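Tertiary structure, described
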Amino acid sequence: MAKRKQDDFDWQDEEQEEIIWVSKSEIKRDAEALKKVGEKLVDLTKAQLDKIPLEDTLLEAINLAQRLQKEARRRQLQYIGKLLRSIDVDPIQEALDKLENKHQQQQAMLHRLELLRDELIEQGDNALTKFLTDYPQGDRQQLRNLIRAAKKEKEQDKPAKNYREIFQYLKDLILDV
């Protein structure tokens, strides 16, 4: 087949106009990104995988990759990337983003609980009264005793048993609301 010269192209022809040239590097970047999505999927637990819309062949490949190690795992991840190239990855990526965001939200909530615990211990009854106005179902007497014991532990350089108990109490109270 003879090569066409640039003058031979009819740019008004719609069929030739719709050709989009993609560089080889861009194709490789896209394939690598899909492989990374595959790695994230392989790192998930069974319960988390159930929340993600996956085809049966992809799910089987992921389950196999979770059992493999070293070179076999690397090859299986390549295969998962190849499977991902043939399907729409957007719903899978959205589900992964939701799972990651949920984890980040949970970490932020636990951090807020730690700050609240430290505030209760440092400020005492003022912080406790403020806390109980926000969470009236809390037990004032139990919290007051835990705070007092945590302060005592800190002064005497004892293990922080009550300090941890305050955190657990706040976690149970606030997260179960």
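Overview of the structure.

Reading guide: rules and limits
Residues numbered from 1 in each chain as written. Predicted model: local features only at pLDDT ≥ 70, side-chain atom pairs only at ≥ 80, totals over all residues. Heavy atoms only, no water. Helix = DSSP H or I, 4+ residues; strand = E, 2+ residues; numbered from the N terminus. Expected span 1.5 Å × (residues − 1). Buried < 20%, exposed > 50% of the residue type's maximum accessible area, 1.4 Å probe, protein only. Arc of directions from axis to C-beta. Contact = heavy atoms within 4.5 Å. Phe/Tyr/Trp six-rings, centres within 6.5 Å; stacked < 30°, edge-to-face > 60°. Lys NZ or Arg CZ within 6 Å of the ring centre and 35° of its normal.

A closer look at helix α2 (residues 24–42)
- Over its 19 residues, α2 runs 27 Å from end to end, which matches the ideal 27 Å to within 8%, given 1.5 Å per residue.
- Taken together, the buried positions of α2 are L34, K35, V37, G38, L41 and V42. Within α2, the buried residues cover an arc of 155° as seen down the axis, which keeps them to one side. With respect to the buried face of α2, the exposed residues turned more than 90 degrees away are K28 and R29.
- Tucked inside the fold, the buried residues of α2 contact α3 (46–50), α4 (56–67), α5 (70–85) and α6 (90–123).

Observations regarding the packing of aromatic side chains
- Summed over the entire model, instances satisfying the criterion amount to one aromatic pair.
- Lying across the ring of Y163, R117 places its NZ or CZ 3.8 Å from the centre.

Considerations on unusual backbone geometry
- In this structure, K70 takes a positive phi of about 50° despite not being glycine.
- Relative to the assigned elements, K70 resides in helix α5.
- Given the relative accessible area of 73%, K70 is considered exposed.
- Of note in the backbone geometry, D157 takes a positive phi value of approximately 55° without being a glycine.
- By the element assignment, D157 lies in the loop between α8 (140–155) and α9 (161–175).
- Judged by relative accessible area, which is 70%, D157 ranks as exposed.

Purely spatial values, then, with no claim about function.
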